[in-house]
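# Summary of the model geometry
Given next are the chains, with one letter for each unit.
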Amino acid sequence: MANTDTAQDAAALRAAIVRKLTYDMGKSRSGARDRDWFLATALAVRDRVIDRWLEATRAAYAHGEKQVYYLSLEFLVGRLLRDNVSNLGLVETLREALAPLGVDFDAVRQAEPDAALGNGGLGRLAACFMESLASLAIPAFGYGIRYEHGLFRQILREGWQHEYPEDWLQFGNPWEFARPEISHDIGFGGSVEAVRVSEDEMRHVWHPGETVQAVAYDTPVVGWRGEHVNTLRLWSARALDPLKLEAFNFGDHVGALADRMRQEAISKVLYPSDESPAGQELRLRQEYFFTSAALQDLVRRHLRVYGDLRSLPDKVAIQLNDTHPAIAVAELMRICVDLHAIPWDEAWAITRGSISYTNHTLLPEALESWAVPLMERLLPRHMQIIYLINAHHLDSVRAAHAGDVRLLSSVSLIEEGHGRRVRMGHLAFVGSHKVNGVSALHSDLLKRTVFRDFHAITPDRITNKTNGITFRRWLQQSNPGLTGLLVEAVGPAVLNDAARLEGLIPLADDAGFRDRFAAVKRANKEAMAALIRQQLDLRVDPAAMFDVQIKRIHEYKRQLLNILETVALYDAIRSQPHLDWAPRVKIFAGKAAASYHRAKLIIKLAHDVARVVNGDPTVRDRLKVAFLPNYNVSLAEMIVPAADLSEQISTAGMEASGTGNMKLGLNGALTIGTLDGANVEMLEHVGADNIFIFGLTTEEVEARRHDGSHGAAAVQASPRLGEVLEAVESGVFSPDDAGRYREMMASIRGHDYFMVGADFDSYFEAQRRADARWQDSGAWWRSAVLNTARMGWFSSDRTIAEYASEIWDVPIKR
Ligand code: 26W
């Protein structure tokens, strides 16, 4: 029974919801659908945030606190209702408020569209960071773009991916506040005028050829227990008032309107390119658009409070999420030098003192660079400033390393050669006081590969900040069953402090506790099985091991390795059906970039294999394959609590960190993985007995790649792999098009860049270790409990605390 306080509050909340429905939405209770109840509920919940939001914002200035600004082209937020309600401690109250109205909280919750303003790990990390910043009560703004259309919807037809536009704002967004009065002018193109202001001083005036307005939309970000609330400020592009433009007066009405459309296109759609730069002009416009808006906004705020830009590094920390906002370095210099007449060297100290940069990838194709002619046309003054920064930078390198021509061209901001280009990673590096990677291995590799020469010149610049995830969303909200058990086992303080999870360690040896842990997992798997049945019309046995690989589809993430192992297992079960096989359901989900043909072919292969395996009565419940469509944050929240085995099998050296690995481990899945990204640190935390590590190390991959015939050698060495490749390339799984996979299989026999062949046997063997553990259920659940118990360190609260003390120099009060 609920206590009277809750009952009273539930009644008040119910009345507020009905008021919103009636007077803000003009709907009657009888006609209201789930979506209407969602909007009304969100508006009522939002009201409970505002006072604390305004207070937190006011307090930050009143106390002269340092502000963190997190600049990111992506915020993969997902749904917010449960997040906000849970952080406000209102879950039970809201259930009680809705029940007498005949409305189910879960149905309402699922009526919320999933805000997919990001591609994958980088965008989701930004969203977790925003939540942890608020929970740690660090005053912070997130700055990004309010895309009208987020990441495409994935529709699978006969296993082929089709992309459809996503329309999350269709029915309005109750969380945001439009701020039409908060806007900044963003210039593009035009010319630069040099004006002599004195004997030895020039001022540069940029006359943009066109100007677009960035308009603010604010979303409150509620921290744990609702104690602190920050702001996610997303910018929308608005064409300038036509009365201020000449074109309309010259009679070119249609042309002028077309121009306006082009300008407003800046915030229309998220680029769906994961790991390979789009390279188009619109993308560069997006990057400059939101970066300039963010800097103008924070500079204006700073000047209003402190009156002088020289104190910026003391009061502001600007974090660049990858190089997408790297133009910030030139923009802040322009603001200081051109607009505030600050001498160059002082401006440089302000810029470098304020900015820091996080690198998220080593993949050469993902390192951003922009053609100099494009930069000159779109951002002529920034191009001049970049040349100047480069000149100063190269002078100082030359001073310390005279005559080293190779070094100079290697650290230059400009790449010479087939068309000159600006290297955005280099620009971000020189303009930052700290540069960080996102796992220990990745940060090490940064020092040894992409930033090797930079690291030699500035050995204190690169640091590591291993990624983390917010436990509020990825444990407390998505897995209430497990959360309840944890609170019972180690006490409610675990909700505030992830380190308390360690209290579980002794319980791993308690058979009674393990049973309860397994029962929670079982219930989550039953819900998952129901979803699989509903989505795919496929029945799976919740008693089988749920083996999960959920992430963007990319060759380096090696879904192909997993599928080929599935084929090998299928073959093994068929040839020895009398053996006692550990039953498995292989669950896949993920999107391929629209133009990434190989990734789409991998999705198709998963479907072709699924059709054959799922339709074969000899394997029965011992093997099933399910590919769930349209992977997004909400689907992840369903799958993660139901996973037994977590596939983290990237080619060593290629996954910067991974964060799905942490979410799955936290929820009690055992990892099968390579020594890549944060898997290395997960191994250290959970212990070698509780994780299945396999495959080549980064160094071994490196060495093999030099050997041109390693693909053929791997196939030679593994009869099992040979059989799998023959089956796939001969059309066993694609009778309608026998040659469909010939080329993809040939690449494994050939140079096999991603080492699928080289790691195959080792992976197969690790999978059999997992089978053996599964069949010893006491041992399995012991490991599962220990995974949850030892994952506390991977909380994004820990990550943010490290950024705060080692990069931003901001105190933590909570
Ligand atoms: C310009 C095209 C583009 C777009 C996105 C290039 C690169 C990206 C990102 C860097 C891709 C990304 O999401 N990287 C992932 O970042 C996560 C958070 O740090 C890591 O956990 C993943 O390992 C990394 O792949």
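Quick caveat, the model's predicted, so the values are computed rather than measured.

What counts and how
Every chain is numbered on its own, with residues counted from 1 as its sequence reads. Reporting in this predicted model follows two pLDDT cut-offs: at least 70 for local features of residues, and 80 or more for side-chain atom pairs to be given and counted; totals over whole chains, interfaces and linings ignore these cut-offs and use all residues. As a rule here, side-chain values come from all non-hydrogen atoms in the structure, and water together with hydrogens is ignored. Labels follow the DSSP assignment, with helices taken as runs of H or I lasting at least four residues and strands as runs of E lasting at least two, numbered in each case from the N terminus. Throughout, exposure labels follow a simple rule: accessible area from a 1.4 Å probe, protein chains only, divided by the maximum for the residue type, with under 20% read as buried, over 50% as exposed, and the rest as partly exposed. Here a residue-residue contact requires only that any non-hydrogen atoms of the pair lie within 4.5 Å. Throughout, the Shrake-Rupley method with a 1.4 Å probe supplies accessible areas, and for residues the shown protein chains are the sole cover considered. A single heavy atom is enough: if one lies within 4 Å of a molecule or strand, its residue is considered near that molecule or strand. Whenever a nitrogen or oxygen atom comes within 3.5 Å of another N or O atom, the pair is scored as a polar contact, on the condition that within protein one atom can donate a hydrogen and the other can accept it, and that pairs from neighbouring residues in sequence are kept only if both atoms are in side chains. Nonpolar residues are Ala, Val, Leu, Ile, Met, Phe, Trp, Tyr, Cys and Pro. Charged residues are Asp, Glu, Lys and Arg, and all others, Gly as well, are polar. When DSSP finds two or more bridges between a pair of strands, those strands are recorded as paired. Only the stretch in contact is used when a helix axis is fitted, and all axes are lines through C-alpha atoms; the angle between N-to-C directions ranges over 0 to 180 degrees. Think of it this way: a Phe, Tyr or Trp ring, Trp meaning its six-membered ring, pairs with another when their centres are within 6.5 Å, and the plane angle makes it stacked under 30 degrees, edge-to-face over 60, tilted otherwise. In this scheme, the term charge over a ring applies when either NZ of a lysine or CZ of an arginine sits within 6 Å of the ring centre and within 35 degrees of the ring normal. UniProt positions are given in the numbering used here, feature names are shortened, and annotations may be inferred rather than shown by experiment. In the sections that follow, a salt bridge refers to a side-chain nitrogen of Lys or Arg positioned within 4 Å of a carboxyl oxygen of Asp or Glu. Multiply 1.5 Å by the residue count of a helix minus one, and that product is the helix's expected span. Throughout, bend refers to the angle between the axes fitted to the seven residues that end at a position and the seven residues that start at it. A pocket here means an open set of points on a 1 Å grid, computed over the protein atoms alone, that has protein on both sides within 12 Å along at least five of seven lines. A cavity is instead a set of points where a 1.4 Å probe fits but cannot get out; residues with an atom within 4 Å of a point line either one. Grid points are joined across faces, edges and corners, and a volume is the space filled by probe spheres set on the points.

## Considerations on the overall build of the chain
- A count of helical and extended segments in the chain gives 32 helices and 24 strands.
- Over its C-alpha atoms, taken along the principal directions, the chain stretches across nearly 95 × 75 × 55 Å.
- Here the chain, with 814 residues, has 60% of them falling under the buried criterion.
- In the chain, the share of contacts with a sequence separation of at least 24, taken over all contacts with a separation of at least 6, comes to 77%.
- Per element, the accessible surface of the chain, about 30700 Å² overall, is 52% carbon and sulfur.

## Side note on the site of the ligand
- In the vicinity of the ligand there are 22 residues, among which His-360, Asn-467, Glu-655, Ser-657 and Gly-658 approach most closely.
- Glu-655 has a polar side-chain atom sitting 2.6 Å from an oxygen atom of the ligand.
- A distance of 3.3 Å is found between an oxygen atom of the ligand and a backbone nitrogen or oxygen belonging to Ala-656.
- Across the complex, the protein chains shield 97% of the 570 Å² of accessible surface that the ligand would expose by itself.
- In terms of residues, the shell around the ligand owes the most to one element, helix H6 (residues 121-135), which gives three residues.
- Its residues assigned to classes, the shell around the ligand shows seven nonpolar, 10 polar and five charged.

## What about the sheet that holds strand E21 (residues 623-628)?
- With parallel pairing, the six strands of this open sheet are ordered in space as E21-E20-E19-E22-E23-E24. The sheet terminates laterally at E21 and strand E24 (692-693), the two strands that pair on one side only.
- Bridge analysis of strand E19 (residues 545-550) against strand E20 (residues 584-589) gives six bridges, and the strand direction is parallel. In the strand pairing of E20, Gln-549 is matched with Phe-588.
- Helix H31 (residues 777-789) contacts E19, strand E22 (645-648), strand E23 (670-673) and E24 of the sheet and is inclined by roughly 90° relative to E23.

## Thoughts on the packing of aromatic side chains
- Applying the stated criterion to the full structure yields 25 aromatic pairs.
- Their ring planes at 25° and their centres at 6.5 Å tell us that Phe-760 and Phe-764 sit as a pair that is stacked. Taken together, the residues span about one helical turn, with Phe-760 and Phe-764 both in helix H30 (residues 756-775) at a distance of four residues.
- With a relative accessible area of 0%, Phe-760 lands in the buried category.
- Judged by its relative accessible area of 7%, Phe-764 falls in the buried class.
- Counting every residue linked through ring pairs, the aromatic cluster contains Phe-513, Phe-517, Phe-692, Trp-774, Trp-780 and Trp-781.
- Geometry around Trp-474 places Lys-663 over its ring, the cationic atom sitting 4.4 Å from the centre.
- The side chain of Arg-768 reaches across the aromatic face of Phe-764, ending 4.5 Å from its centre.

## Concerning the UniProt feature "modified residue: N6-(pyridoxal phosphate)lysine" (unreviewed entry) in the chain
- As annotated by UniProt and renumbered to match this structure, "modified residue: N6-(pyridoxal phosphate)lysine" (unreviewed entry) occupies Lys-663.
- Positionally, Lys-663 belongs in helix H24 (residues 660-666).
- Aside from chain neighbours lying at most four places away, what touches Lys-663 is Arg-124, Ile-469, Trp-474 and Val-640.

## Overview of the pattern of salt bridges
- The final tally for this structure, using the stated rule, is 59 salt bridges.
- Note that Arg-262 is salt-bridged to Glu-210, the shortest N-O span being 3.5 Å. Note that Arg-262 is positioned in helix H7 (residues 253-264) and Glu-210 in strand E10 (residues 210-222), a separation of 52 residues in sequence.
- Its relative accessible area of 40% is what places Arg-262 among the partly exposed residues.
- Among the salt bridges present, the one from Arg-584 reaches Asp-771, with a minimum N-O distance of 2.9 Å. Linking Arg-584 in strand E20 with Asp-771 in helix H30, this pair joins segments that are 187 residues apart in sequence. For the pair shown, Arg-584 and Asp-771 are each scored as buried.
- Via salt bridges that share partners, Glu-210, Asp-259, Arg-262, Glu-281, Arg-285 and Arg-377 belong to a single interconnected network.

## Describing helix H2 (residues 34-62)
- When the terminal C-alpha atoms of H2 are compared, their 42 Å separation across 29 residues agrees well with the 42 Å that a helix rising 1.5 Å per residue should span.
- At Val-49, H2 shows its largest kink, close to 35°.
- In the segment just after H2, Gly-64 is the residue with positive phi, at about 60°.

## Overview of empty space enclosed by the protein
- Per the counting criterion, the structure on display carries 10 cavities of 30 Å³ or more.
- As a volume, the second largest cavity reaches approximately 330 Å³.
- Lining the second largest cavity are 27 residues, and of these Val-77, Gly-78, Leu-80, Thr-219 and Leu-232 lie nearest its centre.
- Looking at the lining of the second largest cavity, the elements that each hand over two or more residues are strand E2 (75-78), helix H3 (81-87), strand E3 (115-117), H6, E10 and strand E11 (229-239).
- For the lining of the second largest cavity, the per-class residue count stands at 16 nonpolar, six polar and five charged.

## Looking at the sheet that holds strand E14 (residues 369-371)
- Pairing within the open sheet is antiparallel, and its three strands lie in the order E14-E16-E15. The strands lining the two open edges of the sheet, one partner per strand, are E14 and strand E15 (414-415).
- Examined bridge by bridge, E15 and strand E16 (residues 421-423) share two bridges and lie antiparallel to one another. Each bridged residue has a counterpart across the sheet, and for Glu-415 the counterpart in E16 is Arg-421.

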